[in-house]
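Chains, contacts and geometry: an overview
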Amino acid sequence: MMTKDKSARATGDTAKLEIDGQSYDLPIYKGAVGPRVIDVSKLYAQSGHFTFDPGFTSTASCDSDITYIDGDKGELLYRGYGIEQLAANGSFLETAYLLLNGELPSSKEFDEFSNAITNHTMVHEQMQYFVRGFRRDAHPMAIMVGMVGAMSAFYHDSTDINDAHQRMVASRRMIAKIPTIAAMAYKYSIGQPVVYPRNDLGYAENFLNMCFAVPAEEYHVNPVIARAMDKIFILHADHEQNASTSTVRLAGSSGANPFACIAAGIACLWGPAHGGANEAALNMLQEIGTVDRIPEYVAKAKDKNDPFRLMGFGHRVYKNYDPRATVMQQACHEVLQELGIKDDPMLDVAMELEKIALNDEYFVEKKLYPNIDFYSGITLKALGFPSTMFTVLFALARTTGWVAQWNEMVQDPEQRIGRPRQLYSGAAPRDYVNLAKR
Ligand code: ACO
């Protein structure tokens, strides 16, 4: 895992800020690509002013080497490699190695890494009893948050964040065990026995086997489906400083152990504005039902007085086609074809809706394009997952990105506890009044 030369980012340029006739020079930095940034870290000490940016729309919270998004171009790079190339040619474990280490692995490095991941897939047997404590109808995301947080109690020997070896063991444990935990959450929610991991299967193949095999009969994982699953994991592996990744970093900035930090990330991902949108997109396509009802829903989405939005459309960063949506659409077709689903009315509705929206002035003007969630719900449903599992699958894949970002943060010499400031608008200082006098 790498550390870098931070002096490379200085441009020598400064931004001038004038407050009450007093001028302040703020250093400007440049990244490898993307917009330049103004360093305001000393502004309070120098001027007594904070900056105000709710939702962090203009604030870079860290200096990172891992993932780059160009929202206007619709570009997503992991360590410089385009998501389309990785999804077409790479595997999820190769991508995980890349995100963690900064470079694609040699064959020898890949063998060592994939053996290590494969050999850490079992979870402590006592965790079986832990999962049984949940109500049978618990949401699998609730089980995931609990189980991952509980890993800190099961793997004491990899919670010292100042020990490089322990950090590596914890990182590999997280990536190796998260499919087992996700599958356990699923099996528990449907009342089936847990299927143990198998070391002779690939990462996605093993996960599908743990989800869909039962002890009563042989189960064969379809390789086309396993490849599609692997691709879906690649697409979701990292996405820069989104809400859940920032949560992991903020939790980690206090020195909390990695399992606790990833549990915090899973909790944040659960929300419908983040990881929960694919379920909402699928529900919307089901509700629309047939192609002839699309204009009615497009009109609703455009109506200022109607809160309805086209789910799976629009993105805070992408103001162009989400590059992951292109790959997801293709994976969706591959899965439906392989499963012999020739006429899926939901896919017909999705394709027609996409066509209509992409040509509609409202969507064009606001730069609202399909995002990854538009096609992922249809694909995951076809693979046999209930909608409650969609966010779980997202969390499984994103664990790799969270782990990479957490490692980068822990090793950053500039890292300090994350502590935003505020614009206080509450009561001014006042005196306490005794209860009897109020
Ligand atoms: N349907 C109709 N109108 C929309 C949509 C949509 N899906 N998305 C945005 N708009 C409109 C808004 O009404 C707003 O219009 P206005 O300027 O006239 O008020 C304008 O476009 C800008 O929208 P904001 O909500 O300000 O954009 P923001 O960046 O805050 O939100 C978000 C982005 C949350 C993704 C939004 O586009 C949305 O709600 N989309 C639907 C939900 C969705 O698909 N989420 C998945 C995101 S991808 C992911 O998390 C993996």
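Please refer to the structure placed before this passage.
Residues numbered from 1 in each chain as written. Predicted model: local features only at pLDDT ≥ 70, side-chain atom pairs only at ≥ 80, totals over all residues. Heavy atoms only, no water.

Here we take up the overall build of the chain. What the chain contains, in helices and strands, is 18 helices and six strands. Against the globule reference of 22 Å for 438 residues, the chain gives a C-alpha radius of gyration of 24 Å, in line with a compact fold. Projecting the C-alpha coordinates of the chain onto the three principal axes gives extents of approximately 75 × 65 × 60 Å. Among the 438 residues that make up the chain, the fraction classed as buried is 47%. Taking as baseline every contact in the chain between residues at least 6 positions apart, the subset at least 24 positions apart corresponds to 70%. When the accessible surface of the chain is totalled, it reaches about 22100 Å², and 52% of it is carbon and sulfur. In the chain, the 42 positive side-chain charges and the 52 negative ones have mean positions that sit 6 Å from each other. (Helix = DSSP H or I, 4+ residues; strand = E, 2+ residues; numbered from the N terminus. Rg over C-alpha atoms; globule rule 2.2 N^0.38 Å. Buried < 20%, exposed > 50% of the residue type's maximum accessible area, 1.4 Å probe, protein only. Contact = heavy atoms within 4.5 Å. Areas by Shrake-Rupley, 256 points an atom, 1.4 Å probe, with all protein chains shown as cover. Lys, Arg positive; Asp, Glu negative; His and termini not counted. Charge placed at Lys NZ, Arg CZ, Asp CG, Glu CD.)

Take the pattern of salt bridges next. Counted under the stated rule, the structure contains 17 salt bridges. Between Glu334 and Lys231 there is a salt bridge, with the nearest N and O atoms lying 3.4 Å from each other. Here Glu334 is found in helix H14 (residues 323-338), whereas its partner Lys231 is found in helix H9 (residues 223-236), with 103 residues between them in sequence. On the basis of relative accessibility, which here comes to 7%, the residue Lys231 falls in the buried class. Taking the shortest distance from any N to any O, the salt bridge between Lys300 and Asp306 comes out at 3.4 Å. Residue classification places Lys300 among the partly exposed positions, given a relative accessible area of 29%. Shared partners join several salt bridges into a network, and the residues in it are Arg9, Asp63 and Glu414. (Salt bridge = Lys/Arg side-chain N within 4 Å of Asp/Glu carboxyl O.)

A separate point is the packing of aromatic side chains. Per the counting criterion, the structure on display carries 17 aromatic pairs. When the centroid spacing of 6.2 Å and the interplanar angle of 75° are considered together, the rings of Tyr186 and Phe212 count as edge-to-face. One end of the pair, Tyr186, is in helix H7 (residues 164-190); the other, Phe212, is in helix H8 (residues 203-212), with 26 residues separating them in the sequence. Clustering of aromatic rings is evident, with ring pairs tying together Phe92, Tyr186, Tyr203, Phe207, Phe212, Phe233 and Phe385. A cation over a ring is seen here: Arg9 above Tyr29, with NZ or CZ 4.6 Å from the ring centre. Across from the ring centre of Tyr188, 4.3 Å away, lies the NZ or CZ of Arg136, which sits over that ring. (Phe/Tyr/Trp six-rings, centres within 6.5 Å; stacked < 30°, edge-to-face > 60°. Lys NZ or Arg CZ within 6 Å of the ring centre and 35° of its normal.)

Residues Thr67 and Ile69 point to one face of strand E4 (residues 67-70) and Tyr68 and Asp70 to the other, with burial holding for every one of them. Two elements, E4 and strand E5 (residues 75-78), share four bridges in a ladder whose sense is antiparallel. Considered in E5, the bridge of Asp70 is made with Glu75. The hairpin formed by E4 and E5 contains four residues between the paired strands, and Gly74 there has a positive phi angle of roughly 75°. (Pairing = 2+ DSSP bridges.)

Turning our attention to the site of the ligand. Neighbouring the ligand are 18 residues, the closest being Lys304, Arg309, Leu310, Gly312 and Lys366. One nitrogen or oxygen atom from the side chain of Lys304 is found 2.7 Å from an oxygen atom belonging to the ligand. Contacts to the ligand include Phe313, whose backbone N or O atom sits 2.9 Å from a nitrogen atom. Coverage of the ligand by the protein chains reaches 72% of its 930 Å² of free accessible surface. (Near = heavy atom within 4 Å. Polar contact = N/O pair within 3.5 Å; in protein donor to acceptor, adjacent residues only side chain to side chain.)

Relative to the helices and strands, Arg132 resides in helix H5 (residues 126-132). A relative accessible area of 51% means that Arg132 is categorised as exposed. Residues Arg132 and Pro35 lie 97 residues apart in sequence; the distance between their C-alpha atoms is 49 Å.

Spatial strand order, E4-E5-E6: three strands in an open sheet with antiparallel pairing. Because the sheet does not close on itself, it has two edges, and the strands there are E4 and strand E6 (81-82).

Bringing the packing of helix H10 (residues 243-252) against helix H11 (residues 258-269) into the picture now. Relative to each other, H10 and H11 sit at 150°, their axes nearing to 8 Å. Relative to H11, H10 is oriented roughly antiparallel. Judged by the sense of rotation from one axis to the other, the crossing of H10 with H11 is right-handed. Side by side, H10 and H11 meet where Ala243, Ser244, Thr247, Val248, Ala251 and Gly252 of the first sit next to Cys261, Ile262, Ala264, Gly265, Cys268 and Leu269 of the second. Among the residues forming the contact of H10 with H11, the class breakdown is eight nonpolar, four polar and no charged. (Axes fitted to C-alpha atoms, helices over the stretch in contact; angles between N-to-C directions. Parallel < 35°, antiparallel > 145°, perpendicular 65-115°, else oblique. Left-handed = near helix turned anticlockwise from the far one by under 90°. Nonpolar A, V, L, I, M, F, W, Y, C, P; charged D, E, K, R; others polar.)

Within the secondary structure layout, Ser189 lies in helix H7. In this structure Ser189 comes out as partly exposed when scored by relative accessible area, which is 26%. Sequence spacing of Ser189 and His139 is 50 residues, and the spatial spacing of their C-alpha atoms is 7.5 Å. Ignoring sequence-local partners within four residues, the contact set of Ser189 consists of Arg136 and Ala138. A polar atom in the side chain of Ser189 sits 2.7 Å from the backbone oxygen of Tyr186.

Here Arg398 shows up in helix H18 (residues 390-410). Of the side chains bearing the opposite charge, Asp238 lies closest to the buried Arg398, which forms no salt bridge; the N-O distance is 4.8 Å. Those residues within four positions of Arg398 in sequence are excluded, and the remaining contacts are His236, Ala237, Asp238, His239, Asn242, Ser244, Thr245, His274 and Arg324.

This part is about the packing of H11 against H18. Taken N-terminus to C-terminus, the directions of H11 and H18 make an angle of 135°; their axes are 10 Å apart at the nearest point. If you check the angle between H11 and H18, you find them oblique. When the axes of H11 and H18 are compared, the crossing they make is right-handed. Taken together, the residues of H18 that come into contact with H11 (itself represented by Pro258, Cys261, Ile262, Gly265, Ile266 and Leu269) are Thr391, Phe394, Ala395, Thr399, Trp402, Val403 and Trp406. Taken together, the residues of the contact of H11 with H18 break down into ten nonpolar, three polar and no charged.

In short, the description is geometric, and any link to function would need to be established separately.
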